[in-house]
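Chains, contacts and geometry: an overview
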Amino acid sequence: MWLTPEEVALKNALKLWVTEKSNDFFVLQRRRGHGDTGGKITGMLVGALDTVLDSNARVAPFRILLQVPGSQVSWVIASGATAEEVQKHWKWLDQNLLPYMSVFENKQDAASFAQGKVKGLIAEEVLGGQAALEDDPARFREVLARFEQRFGLPQQEKLVAHYSCCCWKGRVPRQGWLYLSTNHLAFYSFLLGKEVKLLVPWAEVTGLERASLGLMTDVIRVRTRQRQRDFSMFLNVDEVMTVMSQLADLALRRLLDSGGLEVDKSLQQATNVTKRVLEHQALRQYVLSLFGLPRSEKLQEVMNCSMWTPHARCHTPGKLYTTDNYMGFSSRQEGQCTLLIPLAEVQSIEKAESTSALPNPVIISVKSKKAFQLIELVQRDELVENLTDRLRALHWRQAVFRGHSQRKKSQISSTPYYTFYYDGVSSEENDEVSDETLRNTVLTEALITTFQTGLSQSPNNKTMSEQLRVRLWGDHFEEFGRGVHMFRTDKIRKLVAMGIPESLRGELWFIFSDACSSLAAHPDYYADLVSKCMGETSIATEEIERDLHRSLPEHAAFQNQTGIAALRRVLTAYAHRNPNIGYCQSMNILASVLLLYAKEEEAFWLLVTVCERMLPDYFNHRVIGAQVDQSVFEELIRERLPSLAESVPDLSPLASVSLTWFLTLFLSVLPFRSALCVLDCFFYHGIKAVFQLGLAVLDANAAELCASTDDGQALMTLTSFLEQVRDDEEPCACAEEAGPATHTHITVLINDAYEKFGDLTVRQLERMRCRHRIQVLQSHEDTTKENTLRLVSPDVSLSQEDLSGLYDLFKTEHFISLYWGDGVRTPPEPRAVSRGYTESYHVDCAQFKSLYALLAPWPCGSHTDTVAQRTFTLLDQNRQNRISFTQFARWLDTLYCEDFNEKVRLLYRLHIPPALTENEDQSSLVKNPILSTTRPLYVDLPNGERKSHEEQLKQMLKDLAKEKDKGQEKPLPHMNQREFVQFCKTLCNMFHGDRAENELFQAIAMVTSLVLQIGEARHKARTSGAEPKEGESPDQAASSMSESEGDWTASFEQILASLLTEQALVNFLERPVDLSAKIASAKEQQYHVRAGLLMIQHQKTR
C-alpha cells in the first residue's frame, strides 16, 4: 500500500527493521522477527512493542523507504502485509521511477520528485475508493487497507469508523482496534505474539447497551444469540455507541423483514454510508421528531442563533434548523421555546443592518403580518440566499399547481361523484337520506356541532371552566398570534395541560400537528381520493367495514349513518393512499375522535399526520414502532422508577400493558373526556407526552404494584386507576359510585407527569428507539425462525437441532449476497402478510452451489458444480432462479434421512430433463471403459444360488411395479443413453476418494453393463414391434412405443433394480453421514469461503 511520505529520522531505530534490498534512493525493509524460524521471542517482543508504541496497533511487516544519498533522513512511502505485496511496489519503483531520478543533479530534488509521484498515486486510489468520501482520505485509506488485510473481506465491505479500545475476555482486557463497517463489527489485537480477531455481523447482534464492569463504567456491551462481548477505554463512548446503534439498526432494516420499515434513500447504498452521513442522519431524525415534520423532509442548514421572543422580551439563544419546506427554531434547553415556520407561510426573508447590539440580523415576514427576528447568524448571507431560492421555487410550484387545478376544475362534470354535506340534521331527518348519498357525502363541519351527548359539551353550552379556558386562549392568541407559527412556550404547555376548549380543539390539533400545511399543499387531494376509492373492495375495506360500528359506539355521532359514512370515507381513503399500511386496528378509534372535532377533510389529514409523521412505523402489519416504544418504556421504568423496578424484577407484563396505551393513545383505557386531554398533549408534545403520562400512571400506583402478588392483580390495579381518572365535566357512570376522593383529575395527572418526567427529551427518545429497534427486529426474526421450523418439521425427518443449524446457514448465505451484492433487500415479489413464513429467505443458483459444496454428503470433485447446477434446476420448479428454505430442507432430508430408493430416485431425476439440459457435454459410450457389454452378468443370492441378472431383474421389476401401484406415483420418464452416461459419470465422481473406491467402481461397471444390455434388448424389441416386458406399467408401455423410433432407453425401475443387485452400492448410499458435523464445519468455513470467492470475482471484473 502506498503511504503519504512520512519522515523517519533513523532508518533502523532500536534495530527493529532488517534491510532486504536497497539502491541509491530506496530501501526495502522487513520487521525483525517476521518470517524468522526460531525467532519467536524476537517477534513477540517486537509485536508487543508495536502495539504499545504505534498508534496503528500492529505495524505492517514490510516497508519501503525513500532516502537521499548521504542523508540520515528518510521517508516511509509504502508498506505491505506480505512480501508479494511490497515486492510489487518495489518493482514499480525500479521500473517507473528510479531511471528518471538519476537525471536530477540535486538529489534532494529527486527525492521531492519521488514524493510527488507517490502522492499522485495515492490521490488516484483515493478518488476511486471508499476513502474519497471521508474527512481525512489519506489517513482513512491506510486504516481501510489494514482492515481489509486483517479480516479478508471483499472491497465492497464499507468501513465506516474505527476506534482504539479494549476488548474484555473475562477480567482480562486486550488492547486493539475496533472497526465498524456497514455489515460487521470487527476487533483486532496483537499482543505478545497472540493475535485476536473478532468478526460479528450486525445481523447477529441482538442488543447494545452501556454497562459497568468493575471500576469501568463506560463499557459498551454487544450481545449476540451465543454470547456477549464488552468493549471499553473509548475516548468518546457516546459517539461510538451512537454509530454502533445506527449501523446495527440500518443493517437489520436492510437484511431482516422489518415489517414495513423503510431505509432512507441516502443510506440504501452501502458505499454512501460514512460517519459524517450517519451523524447527519441522526440529526435529521431528531429534527423531524422534534418538530413533527414529514419523513420526506431533508435537513439543509443547522446554525446557532438567537431569536427575539416577545413573551420573554429578549433574544433567546438556540439553533435554527431549515429543511426543504420548513424553518424551525429550538432553544438551547429543549422544550423551553420552539417555533415552526412553514415556507409556504413566509412572505419575505430580508437582511437588516448589523449593529453591535443586533449582529447579523435576519427578518422573516409571514402572511399573517407577523415578523420574526434572528440575530448572531454567522453565515447569514449564505442562509438568506438558500432560503430565498427555496422560497422562490416553492412559489413557482404553487403557481403551477393552481393553474393545473383551475384547468382540472373546468373539465370536471357538473355532477361530481361526491357531494358536500353542509347542513346539520337530526338523526330522524338523516334516516330519510339514502345510503348511497351518505356514502358519497363529504362533511364540511365537525360531527360535534351536530351530535351532542353526555360525553361532550356543545360549543353553545359552555361551563364556567370552559369559558375560562376560552378566555385564556383568547389572551394567548392576542399576545402570540394564531397559527402554526406561534411560539410554543411553557405558558402554552400549561394551557394545553388544562385541556383545550371544545370550540378550539379541532383547530389547535390541526395547528399543533401541522396538518394544516398538508391540506394547504393538497387542496383537492381528499376529494379526488374519495371519488377514486369509494366502491372498491379489498382486504382493507373488509376490515374497515367490520370495525365501523365498534368505533365509539356510545357516541350519538356513530349511532348514525352520517358519522359511520364519514368514518368509512376517511379510513378507506387513507388505505387507498397508503397501501403499505392499509388499515390497522385502532385507526378506527383515532379517526372517529378526529371526526368529532374536525371537518372531514381535516380529519383525514390529521390521520395522515399521526400515522406518517407523529407515529411512524406504528401502523404496519407488525406494529414495529409501537413495540419499539414499548421496549423503550420498559427501560424508562428501570431508569425513572428504580424502586418499582427493584420490587418487580420482571417488568415485561407492565410494559406489555403499555402497548395499548401507545397504539390507542389512551383512548381505549381512559374515560372519553380524560382521553381527549391526553390527545391535546399528544398533538402538542408528540409521543413524548404518552411516555411521560405512562410513567406518571405507574408512579401513582407504585405502592400497589409492588405489593401485587401476580400479573393479573397488577393489571387490575392499573385498569381500576385509569377508569377513575376524571375531567371536570366527566359524567359519573353511576350515581352510587364512590365519592370524588377516589378520583384522579386528569389535569393533575398531566401536570404531575410533566413535573416528574419533564426532563425527558426527544433526543433521548430517538437514541433509545434506535437501540431498542434492534431488539424488537431480532425478536421478530426469532419468531419467524420458530414458525418456519414448525411448518417444515412435519415434512422432514431431520432433528430440530440440525434443522435450526441449516436455517442459520441458509439465512447467512442469503445475507452474504446482500452484504456484497446489491446491498438492498429486494425480493422478486413483495412480502405479503398472508404469505408463509417459509418464504422469508431465498437463495439463487450461486448461493445454492456454495451450500451444496458445504453440505452434500457425497462430494463429486470437479463434477460438484455440475451436479449442484442440476439440483438447483430441479428444485427451482417455478423457474424464478431462487429456492426457499422449505425446498432446501426437503432436498437435504432426502439425502440424509430417506431410504435407498428415494436417494436413487433423486439421482435419477437429476439426469433427466428439466435438471439435465440438452447443451451439457456429450459423452461417448465407446470412450468409457466401464460401459463394456461383453462381460458375463450373474448375481449371487444369499442362499448360495447363482442367478442371471436378467432373471433377478424380472422379479425386482414385478415387486417395484406392485409398490408403485400401491403408491399411485406418477411414473418418471425413461432415461436415454446420453442421460444414462451422465448418471454413471456422477456416480463415479461420488465414489472417487472413498475407502472402497475399487469395489464401488467394479460394482458400477457391472450395473452399467447390465443396464446397457437391457436397454439394447428393449430397443430391439420395440423396433420389432414386440410386446412390453413383464412388469412394465401401461404408462411405461405407451412411453416405450412412442420411443420406438429413437435410441435405447432405460426406466427408473430397471436402474434401481440393477443398483440393488450390488451390495457395495447399497452400502455406500445407505451409509449414515453425520449431518451435525457437516453443519458445524460449514459454519466455520461458509463465511470466509464465500468472501474469498466474491473477492476473486471482483478482481476479475476490475
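In this text, all values refer to a predicted model and were calculated from it rather than measured experimentally.

1. Remarks on the overall build of the protein chain
- Across its full length, the protein chain holds 40 helices and 30 strands.
- By residue count, 53% of the 1102 residues in the protein chain fall in the buried class.
- Nonlocal contacts in the protein chain, meaning residues at least 24 apart in sequence, comprise 67% of its contacts between residues at least 6 apart.
- Surface accessibility of the protein chain: about 50,700 Å² in total, with carbon and sulfur atoms responsible for 51%.

2. Remarks on the confidence of the model for the protein chain
- Looking at the protein chain, pLDDT values average 81 and 79% of them are 70 or higher.
- Contacts of residues 51-58 to residues separated by more than four positions or lying in other chains number 20 contacts, the stretch itself having pLDDT below 50.
- Ignoring residues within four places in sequence, the model shows residues 1037-1045, a span with pLDDT below 50, making 14 contacts including any to other chains.

3. Observations regarding the environment of F672
- Mapped onto the elements of the fold, F672 is located in helix 23 (residues 672-685).
- Classification of F672 by relative accessible area gives buried; the value is 9%.
- Between the C-alpha atom of F672 and that of D727, which follows or precedes it by 55 residues, the distance is 9.1 Å.

4. Digging into the sheet that holds strand 4 (residues 62-67)
- Spatially, five strands are ordered 1-5-4-3-2 in an open sheet, and the strand pairing comes out antiparallel. Each having just a single partner strand, strand 1 (2-8) and strand 2 (17-22) make up the two edges of the open sheet. For this sheet, the mean inter-axis angle between neighbouring strands, taken without regard to orientation, is 30 degrees.
- Across the face of the sheet, helix 2 (residues 83-96) comes into contact with strand 1, strand 2, strand 3 (26-31), strand 4 and strand 5 (74-80) while running at roughly 25 degrees to strand 4.

5. Some points on the sheet that holds strand 13 (residues 299-309)
- Within the open sheet, the eight strands sit side by side as 17-18-19-13-14-15-16-22. Their pairing is antiparallel. Here the strands that pair on one side only, and so sit at the sheet edges, are strand 17 (346-351) and strand 22 (488-489).
- Of the strand pairs in this sheet, strand 13 and strand 19 (residues 371-375) are connected by two bridges, and their pairing is antiparallel. By the bridge assignment for strand 19, M307 is matched with L374.

6. Examining the pairing of strand 4
- Counting buried positions along strand 4 yields six of six residues, so the element is predominantly enclosed.
- Neither face of strand 4 is exposed, since F62, I64 and L66 on one face and R63, L65 and Q67 on the opposite face are all buried.
- As judged from the five bridges shared by strand 3 and strand 4, these two strands associate in the antiparallel manner. Considered in strand 4, the bridge of V27 is made with L65.
- Inspection of the sheet shows strand 4 paired to strand 5 by six bridges, in the antiparallel sense. Bridge pairing in strand 5 links L65 to V76.
- The antiparallel pairing of strand 4 with strand 5 creates a hairpin that spans six residues between the two strands, and G70 there sits at a positive phi of about 85 degrees.

7. Looking at the environment of L261
- Tracing the chain through its elements places L261 in the loop between helix 6 (237-255) and helix 7 (275-291).
- Measuring from C-alpha to C-alpha, the distance between L261 and R622 comes to 9.9 Å, with 361 residues separating the pair along the chain.
- Look past the residues within four positions of L261 in its chain and what remains in contact with it is R253, D617, N620, I624, R773 and L777.

8. Focus: the side chain of D893
- Turning to its location among the elements, D893 is positioned in helix 32 (residues 885-897).
- Here D893 is buried and forms no salt bridge, its nearest opposite-charge partner R890 lying at an N-O distance of 8.0 Å.

9. Topic: the packing of helix 29 (residues 800-820) against helix 30 (residues 845-855)
- Viewed as axis vectors pointing N to C, helix 29 and helix 30 meet at an angle of 145 degrees, and their least axial separation amounts to 10 Å. Here helix 29 and helix 30 pass one another in a crossing that is right-handed. Residues L806, L809, F810, E813, H814 and S817 of helix 29 lie in contact with helix 30, whose contacting residues are Q847, S850, L851 and L855.
- When its residues are assigned to classes, the contact of helix 29 with helix 30 shows five nonpolar, four polar and one charged.

10. Details of helix 2
- The end-to-end C-alpha separation of helix 2 is 20 Å, in line with the 20 Å expected for 14 residues at 1.5 Å each.
- Of the positions making up helix 2, those classed as buried are V86, H89, W90 and L93. The buried residues of helix 2 occupy an angular sector of 100 degrees when the element is viewed end-on, so they sit on one face. In helix 2, those exposed residues whose orientation departs by more than 90 degrees from the buried face are E84, K88 and K91.

11. A closer look at the pattern of salt bridges
- Across all of its chains, the model carries 40 salt bridges by this definition.
- We note a salt bridge from E479 to K491, for which the minimum N-O separation is 3.2 Å. You can see E479 sitting in helix 11 (residues 464-480) and its partner K491 sitting in helix 12 (residues 490-498), a full 12 residues away along the chain.
- Taking the relative accessible area as the measure of exposure, K491 reaches 37% and is therefore partly exposed.
- E634 is paired through a salt bridge with R638; the nearest N and O atoms lie 3.4 Å apart. A residue pair is termed a helical-turn pair when its members lie 3 or 4 positions apart in one helix, as E634 and R638 do in helix 20 (residues 624-640) at four residues.
- The class for E634 is partly exposed, based on a relative accessible area of 21%.

12. Points about unusual backbone geometry
- Omega for the peptide link from P913 to P914 comes to 5 degrees, which places this bond in the cis form.
- Inspection of the secondary structure puts P914 in the loop between helix 33 (900-909) and strand 27 (938-940).
- A positive phi angle, close to 70 degrees, is found at F666, a residue other than glycine.
- Relative to the helices and strands, F666 resides in the loop between helix 22 (652-664) and helix 23.

13. Points about empty space enclosed by the protein
- Counted under the stated rule, the structure contains eight cavities of 30 Å³ or more.
- For the largest cavity, the full set of lining residues is R493, V496, A497, V678, C681, H685, A689, Q692, L693, I750, A753 and Y754.
- Mapped by element, the contributors of at least two residues to the lining of the largest cavity are helix 12, helix 23, helix 24 (688-700) and helix 27 (746-757).
- Approximately 90 Å³ is the volume attributed to the second largest cavity.

14. Concerning the packing of helix 15 (residues 525-533) against helix 17 (residues 561-577)
- Contact geometry for helix 15 and helix 17: axes closest at 9 Å, N-to-C directions at 90 degrees. Looking at the two axes, helix 15 sits roughly perpendicular to helix 17. Touching Y525, Y526, L529, V530, K532 and C533 of helix 15 are R569, V570, T572, A573, H576 and R577, all from helix 17.
- Of the residues contributing to the contact of helix 15 with helix 17, the split by class is seven nonpolar, two polar and three charged.

15. Some remarks on the packing of aromatic side chains
- For the structure on display, the rule yields 42 aromatic pairs.
- Note on F980 and F983: the rings are 6.3 Å apart at their centroids and 20 degrees apart in plane angle, and the pair reads as stacked. Placement of the pair is F980 and F983 together in helix 35 (residues 977-991), with a separation of three residues, close to one helical turn. Accessibility classification places F980 together with F983 in one group, the buried group.
- A connected cluster of aromatic rings, assembled from ring pairs, spans Y807, F810, F815, Y819, Y841, F848, Y852, F872, F885, F888 and W891.
- One residue, R493, lies across the ring of Y754, its end atom 3.6 Å from the ring centre.
- Note that R505 overlies the ring of Y597, its terminal NZ or CZ placed 5.4 Å from the centroid.

16. A word on the pairing of strand 11 (residues 216-224)
- Both strand 10 (residues 205-213) and strand 11 contribute to a ladder of seven bridges, which runs antiparallel. Across the sheet, E209 pairs through a bridge with R221, a residue of strand 11.
- In sequence, strand 10 turns back onto strand 11 through a hairpin of two residues, with G214 there showing a positive phi of about 65 degrees.
- Pairing geometry for strand 11 and strand 12 (residues 228-232), over four bridges, is antiparallel. Bridge pairing in strand 12 places R223 opposite Q228.
- Taking the residues between adjacent antiparallel strands as the criterion, strand 11 and strand 12 are bridged by three residues.

17. Thoughts on the side chain of Q630
- Mapped onto the fold, Q630 is located in helix 20.
- Discounting residues that sit within four places of it in the chain, Q630 has contacts with A655, S656, S658, L659 and F662.

18. A short note on the state of the cysteines
- Overall, the coordinates contain zero disulfides when judged by the stated rule.
- Summary of cysteine pairing: C681 is not part of a disulfide, and the nearest cysteine sulfur, belonging to C677, is at 7.3 Å.
- Between C984, a cysteine without a disulfide, and C988, which holds the nearest cysteine sulfur, the sulfur-to-sulfur distance is 6.7 Å.

So, how was this worked out
- Residues numbered from 1 in each chain as written.
- Predicted model: local features only at pLDDT ≥ 70, side-chain atom pairs only at ≥ 80, totals over all residues.
- Heavy atoms only, no water.
- Helix = DSSP H or I, 4+ residues; strand = E, 2+ residues; numbered from the N terminus.
- Buried < 20%, exposed > 50% of the residue type's maximum accessible area, 1.4 Å probe, protein only.
- Contact = heavy atoms within 4.5 Å.
- Areas by Shrake-Rupley, 256 points an atom, 1.4 Å probe, with all protein chains shown as cover.
- pLDDT = per-residue confidence, 0-100.
- Pairing = 2+ DSSP bridges.
- Axes fitted to C-alpha atoms, helices over the stretch in contact; angles between N-to-C directions.
- Lys, Arg positive; Asp, Glu negative; His and termini not counted.
- Salt bridge = Lys/Arg side-chain N within 4 Å of Asp/Glu carboxyl O.
- Left-handed = near helix turned anticlockwise from the far one by under 90°.
- Nonpolar A, V, L, I, M, F, W, Y, C, P; charged D, E, K, R; others polar.
- Expected span 1.5 Å × (residues − 1).
- Arc of directions from axis to C-beta.
- 1 Å grid on protein atoms, 1.4 Å probe; cavity = no way out; pocket = protein on both sides within 12 Å on 5 of 7 lines; lining within 4 Å.
- Points joined across faces, edges and corners; volume = space filled by probe spheres on them.
- Parallel < 35°, antiparallel > 145°, perpendicular 65-115°, else oblique.
- Phe/Tyr/Trp six-rings, centres within 6.5 Å; stacked < 30°, edge-to-face > 60°.
- Lys NZ or Arg CZ within 6 Å of the ring centre and 35° of its normal.
- Disulfide = S-S within 2.5 Å.

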